[in-house]
Amino acid sequence: MSSQPVPGYTFAAPFQIPAVSPIRSLAPYANRPGTISMSGGYPATELFDIEGLTAAAAKVGKRLADCLQYSNIDGQAALRAQLARLSAERGVHCDPDTELAVTGGSQQSLALLGRVMLQPGDVAIIESPCFPNSRQALHYTGATLHTVPSGPDGVDVEALAALAERLKPKLVSVVATFSNPCGATLSLARRRRLVELAARHRFLLVEDDPYGELRFEGEALPPLLALAEGEQRAWVAYIASMSKTMAPALRIGWLIAPAEIRRRCVSAKAADDMASSAWIQEIVAQYIEDGRYHEHVPRIRAAYAARADALARALTEEMGDRVSFRKPRGGMFCWARLNGDIDSTRLLPHAIEHEVVYVPGKAFYIDPAQADMQAMRLSFATMNEAQIRTGIVRLRQALQACAEGRPTAVTLPA
């Protein structure tokens, strides 16, 4: 076959260098038989409520013809009503007809909010470290993206106050409860301060809440929108997802935003995919109505609590003072730091060779110069307690091999 010249495409600026997920790039290693993967932020397959979803699907199947037509762009009325009830249980009250819209996961919610609020010349702020896909959702708008430091206690609110004064952002995105990757939860005082800053500087404060239902220690704190009073409510949006509590393949998320913002998000969604699947939406609505959601979440919460305990014990007993971490109180992740001269990127090839995979901390930073090279994100959700122990034993052995300078056949891209 003769070689063909590469066409001289002129790509839009945000896509001139396409993003490659640093997490998904580890999949070939994580999916090897025998490897223990602590890399992906996936829920545990064995905890999916197959019986409950099957029962809900059977009920919906009796009226299947009604579910195969184009859906309402803003979501099926039955699901919007159920999601409004779930949100109210969390303290977020809304009108399901004017403030809530169903989306293709919370990722689409953030992308829609970014698209209707941002354009080239605007400024958006996101915490650092953060989930890479959240960063991309805002980057693709063409806006200038700045970061505010975050960590085990969550976003540095006073640093954000200084940035807001100087940069005049139009949108700020945070994960206030069990953040990815740090697992951090903002205090009530910091939450109130964030809402105050949004109203004062007139930027849209977007809270992404995929993990809030997965609390297994401590007292639940209200979402940011639940704290917004009076005119403050005009500057706060809330997005959530069924991916971590029910199943990612459903692709069901939702946003709650001021009516004029929500209306524009629905218009943007029409240009994206016309609507989320009516069939799937009706199954999710039926599942919630049947009471299965409220039965299921405590079960997965208990399972993840046991796995977080197992990870904390294994890190303490196997790694000792070679690693520092806070025991997770919810969510799916532990943000750990290596003590000593070896950083997590240097260790990773040895870990892969010892059949355990994690995500190095640098994957979650926009600016490599700011990256915490000692940090690593360890997910405990998809493994049982025995596998978690085995994984940390392997990590200890990999650290020893790295410290001794043993050769490794694994070569990773820079």
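Here the residue index of a chain counts from 1 through its sequence in written order. Owing to the predicted nature of the model, reporting of local features is limited to residues with pLDDT of at least 70; listing and counting of side-chain atom pairs is limited to 80 or more, with chain, interface and lining totals taken over all residues. Heavy atoms throughout the structure, all of them, feed into the side-chain values; hydrogens and water do not.

**Student:** Account for the domain arrangement of the chain, naming residues and giving values.
**Tutor:** What fixes the domain bounds is an automatic or database domain assignment. Domain annotation of the chain identifies domain 1 (17-41 + 295-404) and domain 2 (69-290). Distance from the C-alpha centre of domain 1 to the C-alpha centre of domain 2: 27 Å. With 28 residues of domain 1 at the contact, the number on the domain 2 side is 29 residues. Simply put, the buried area is the total loss of 1.4 Å probe accessible area from both parts when two parts are fitted together. The contact between domain 1 and domain 2 buries some 2500 Å² in all, and 60% of this surface belongs to carbon and sulfur atoms. If you sort the residues of domain 1 by the area they bury against domain 2, Arg-329, Phe-364 and Ile-366 come out on top, with a joint share of 24%. Only one rule defines a salt bridge in this text: a Lys or Arg side-chain nitrogen within 4 Å of an Asp or Glu carboxyl oxygen. The interface formed by domain 1 and domain 2 contains three salt bridges. Two residues, Arg-326 and Asp-153, come together in a salt bridge whose shortest N-O distance is 2.8 Å. Under this definition, polar contacts are N or O atom pairs within 3.5 Å; protein pairs additionally need one hydrogen-donor-capable and one acceptor-capable atom, and for neighbouring residues in sequence, both atoms have to be side-chain atoms. Taken together, the links from domain 1 to domain 2 amount to twelve residue pairs in polar contact (both at pLDDT 80 or more). Note on conventions: DSSP H or I runs of at least 4 residues are helices, E runs of at least 2 residues are strands, and numbering of each starts at the N terminus. Counting residues per element, the ones that place at least two in the side of domain 1 that touches domain 2 are helix H11 (292-319) and strand S10 (333-338). It is H11 that contributes the most residues to the side of domain 1 that touches domain 2, eight residues altogether. Partitioning the side of domain 1 that touches domain 2 into residue classes produces 17 nonpolar, five polar and six charged. Note on definitions: a residue-residue contact is assigned when non-hydrogen atoms from the two residues lie within 4.5 Å. Residues are grouped as follows: Ala, Val, Leu, Ile, Met, Phe, Trp, Tyr, Cys and Pro are nonpolar; Asp, Glu, Lys and Arg are charged; every other residue, Gly included, is polar.

**Student:** Report on the sheet that holds strand S9 (residues 323-325), specifying residues and quantitative values.
**Tutor:** We call two strands paired when DSSP finds no fewer than two bridges between them. Pairing within the open sheet is antiparallel, and its four strands lie in the order S9-S10-S13-S12. Taken across any chain shown, the strands that pair with only one partner, and hence form the sheet edges, are S9 and strand S12 (359-360). Here S10 runs beside strand S13 (residues 375-379); their pairing, made up of five bridges, is antiparallel. Counted as the bridge partner of Ala-336 is Met-376 from S13. Helix axes are fitted only over the stretch in contact, all axes being lines through C-alpha atoms; the angle between N-to-C directions runs from 0 to 180 degrees. The strands touched by H11 are S9, S10 and S13; relative to S9, the strand with the most contacts, the crossing angle is about 155°.

**Student:** With reference to specific residues and values, describe unusual backbone geometry.
**Tutor:** The general pattern is negative phi for most residues beyond glycine and trans for most peptide bonds. A cis geometry characterises the amide bond from Ser-128 onward to Pro-129, with omega recorded as 10°. Following Asn-180, the chain continues into Pro-181 via a peptide bond in cis, with omega recorded as 25°. Structurally, Pro-181 is set in the loop between strand S5 (171-174) and helix H7 (188-201). Phi angles above zero are rare outside glycine, and Arg-251 is one such case at about 50°. Relative to the helices and strands, Arg-251 resides in the loop between strand S7 (236-241) and strand S8 (253-256). With a phi close to 70°, Met-274 is a non-glycine residue in the positive phi region.

**Student:** For the side chain of Thr-103, give the residues involved together with the corresponding values.
**Tutor:** Within the element layout of this structure, Thr-103 appears in strand S2 (residues 100-103). Among the polar contacts listed, one links the side chain of Thr-103 to the backbone oxygen of Gly-105, at a separation of 2.9 Å. Not counting the four nearest positions on each side in its chain, Thr-103 is found in contact with Gln-108, Ser-109, Leu-112, Arg-251, Ile-252, Gly-253, Trp-254, Leu-255, Lys-269 and Ser-276.

**Student:** So what's going on with the pattern of salt bridges? Which residues, and what values?
**Tutor:** Within the structure shown, the criterion is met by 30 salt bridges. Here Lys-168 makes a salt bridge to Glu-165, at a shortest N to O gap of 3.8 Å. Exposure classes here rest on a 1.4 Å probe applied to the protein chains alone. A residue is buried below 20% of its type maximum, exposed above 50%, and partly exposed in between. Exposure remark for Lys-168: the relative accessible area of 52% places this residue in the exposed category. The partner of Arg-193 in a salt bridge is Glu-196, and the shortest N-O contact between them spans 3.0 Å. Of the two residues, Arg-193 and Glu-196 are both situated in helix H7; the distance of three residues between them amounts to about one turn of the helix.

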